[in-house]
Every structure is written in C-alpha cells, then in structure tokens.
Amino acid sequence: INTGGTANSTTVQTSGTQNVLSGGSATNALINGGTEHVTSGGVANNTSGVAGLIDVQSGGTVSGTVLSGAEQDVSAGGIVSNTFISGGSEKLLSGATVSGTTLQGGQQIVSAGATASGTVTIGGGPGGTQQVLGSAVGTNLTFGTQNVSAGGVTTGTTLAFFAAENVSSGGR
C-alpha cells in the first residue's frame, strides 16, 4: 500500500503479507496467520490479530489494534497506542515506546531499553501479564500480573483486585 493508497478490511491469511508503506493506510485488517508490516510513514488503524505478526517499524503508526492470538512487535521509533490484548502478545523491542495498552489476557513484553506507559490490566479474562525488562510507567493492574526482571524499572504501579507484582533480584 503506497502513497495515497488505502486498504479497508483486508484479510491476511497464512503466508500472506500486507505492507503498509509511506503515505499508505490500512483500516480494519484481519491478520489470521499472515504478517502486516507497517513501515515509516505508514498508518494502520483497528487491525485485528488472530494469528500471525503485526510488525511496527520505525516511523510506522498503529492505533487500536486488537490481539486475540497474534503478536505485535514494536521497533524503536514505532508509534503505537491503544492496543487491546485478550490473547497473544505485544513485544516492545529496545528503544520502543508504547502507550495505553489494555490487557485482558495474553502478555506485554517490555524489553530492555523499551518503555510502556499507561498499561492497564482488566477483568473478564485472566487479566494478562506484563513482563518488564525495560521501563513501565503508570501501570494499573486489576486481575493481572506484573513481573519485573533484573534491569527492569517500574514507576507508579497501582495494584487492585487480585493483582500481583513480582520483582526479581535486580528489578525495581
């Protein structure tokens, strides 16, 4: 999807690929075993990830992703907000920053050098898990777990109903 191009409600099956390039946009894509690459200048909104991979590269913008089994990888410089996870995972690679992720299941992995802000875990499912090897700011946990590994740093975490925070040696 190139400059000026728009794709609506595309389904990407196993071995299929959707490339959202500079100036292109994708809305309401369904990733069901395939891969969506969002590169610099590309925009993807309201993607549903059942299986497969959503790859957010530097300069790519993604908002409103719903993950029920897929993985969303965010590279440094990727712009990601308001992801909802009931299954699958969101992985922040070194240098990445995301905000407003909601976990009802699945997990958010914050790698060393990455930052997650405003992550929320909610009930209605297992609550989800946040794995922190980098930095997590303002996490609000209900029915969820935050695991802080060596080198991980958390600030302003709030624990509510049935939530747990586990801090390993070297984490804080």
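This text goes with the structure placed above it.
Parameters at a glance
- Residues numbered from 1 in each chain as written.
- Predicted model: local features only at pLDDT ≥ 70, side-chain atom pairs only at ≥ 80, totals over all residues.
- Heavy atoms only, no water.
- Pairing = 2+ DSSP bridges.
- Helix = DSSP H or I, 4+ residues; strand = E, 2+ residues; numbered from the N terminus.
- Axes fitted to C-alpha atoms, helices over the stretch in contact; angles between N-to-C directions.
- Buried < 20%, exposed > 50% of the residue type's maximum accessible area, 1.4 Å probe, protein only.
- Contact = heavy atoms within 4.5 Å.
- Polar contact = N/O pair within 3.5 Å; in protein donor to acceptor, adjacent residues only side chain to side chain.

Peer 1: Outline the sheet that holds strand β15 (residues 115-117), listing residues and values.
Peer 2: Strand order in this open sheet of 9 strands is β1-β4-β6-β8-β10-β12-β15-β18-β21, and the pairing throughout is parallel. Each edge of the open sheet is held by one strand with a lone partner, namely β1 (6-8) and β21 (153-155). Put simply, the sheet's adjacent strands are angled 10 degrees from each other on average, direction ignored. Summarising the sheet, strand β6 (residues 43-45) and strand β8 (residues 61-63) pair through 3 bridges and their orientation is parallel. Of the residues in β8, the one forming a bridge with N45 is S63.

Peer 1: Tell me about unusual backbone geometry, and please be specific about residues and values.
Peer 2: Although it is not a glycine, F143 adopts a positive phi angle of roughly 55 degrees. With respect to the helices and strands, F143 occurs in the loop between β19 (140-141) and β20 (145-148). Owing to a relative accessible area of 34%, F143 belongs among the partly exposed residues under this scheme. If you check the backbone angles, F162 has positive phi at about 55 degrees while not being a glycine. You can see F162 is positioned in the loop between β22 (158-159) and β23 (164-167).

Peer 1: Go over the environment of T39 with me, naming the residues and quoting the values.
Peer 2: By secondary structure assignment, the location of T39 is in the loop between β5 (30-38) and β6. Taking the C-alpha atoms as reference points, T39 and G127, separated by 88 residues in sequence, lie 31 Å from one another. Beyond its immediate chain neighbours, meaning those up to four positions away, T39 contacts V20, L21, S22, Q57, S58, G59 and G60.

Peer 1: Requested: an account of the side chain of T47, with residues and values cited.
Peer 2: With respect to the element layout, T47 can be found in the loop between β6 and β7 (48-56). Only 3.3 Å separates the side chain of T47 from the side chain of E36, close enough to count as a polar contact. Leaving out residues up to four positions away in the same chain, T47 has contacts with A29, I31, E36, I54, G64, T65 and V66.

Peer 1: Describe the pairing of β20, with residues and values.
Peer 2: Here strand β17 (residues 129-132) pairs with β20 via 4 bridges, running parallel. The residue bridging Q130 from the neighbouring strand is Q146, located in β20. Pairing of β20 with β23, which is carried by 4 bridges, proceeds in the parallel orientation. Residue N147 lies in a different strand from β23, and its bridge partner there is N166.

Peer 1: For the environment of L30, give the residues involved together with the corresponding values.
Peer 2: Along the chain, L30 turns up in strand β5. By relative accessible area, L30 is classed as partly exposed at 29%. In sequence terms L30 and V66 are 36 residues apart; their C-alpha atoms lie 9.6 Å from each other. Look past the residues within four positions of L30 in its chain and what remains in contact with it is T10, T11, V12, S48 and V50.

Peer 1: Kindly report on the pairing of β17, identifying the contributing residues and their values.
Peer 2: In the case of a regular strand, side chains alternate between the two sheet surfaces. Side chains of β17 alternate between two faces, with Q130 and V132 buried and T129 and Q131 left unburied. Pairing between strand β14 (residues 107-110) and β17: 4 bridges, direction parallel. Bridged to V110 within β17 is V132.

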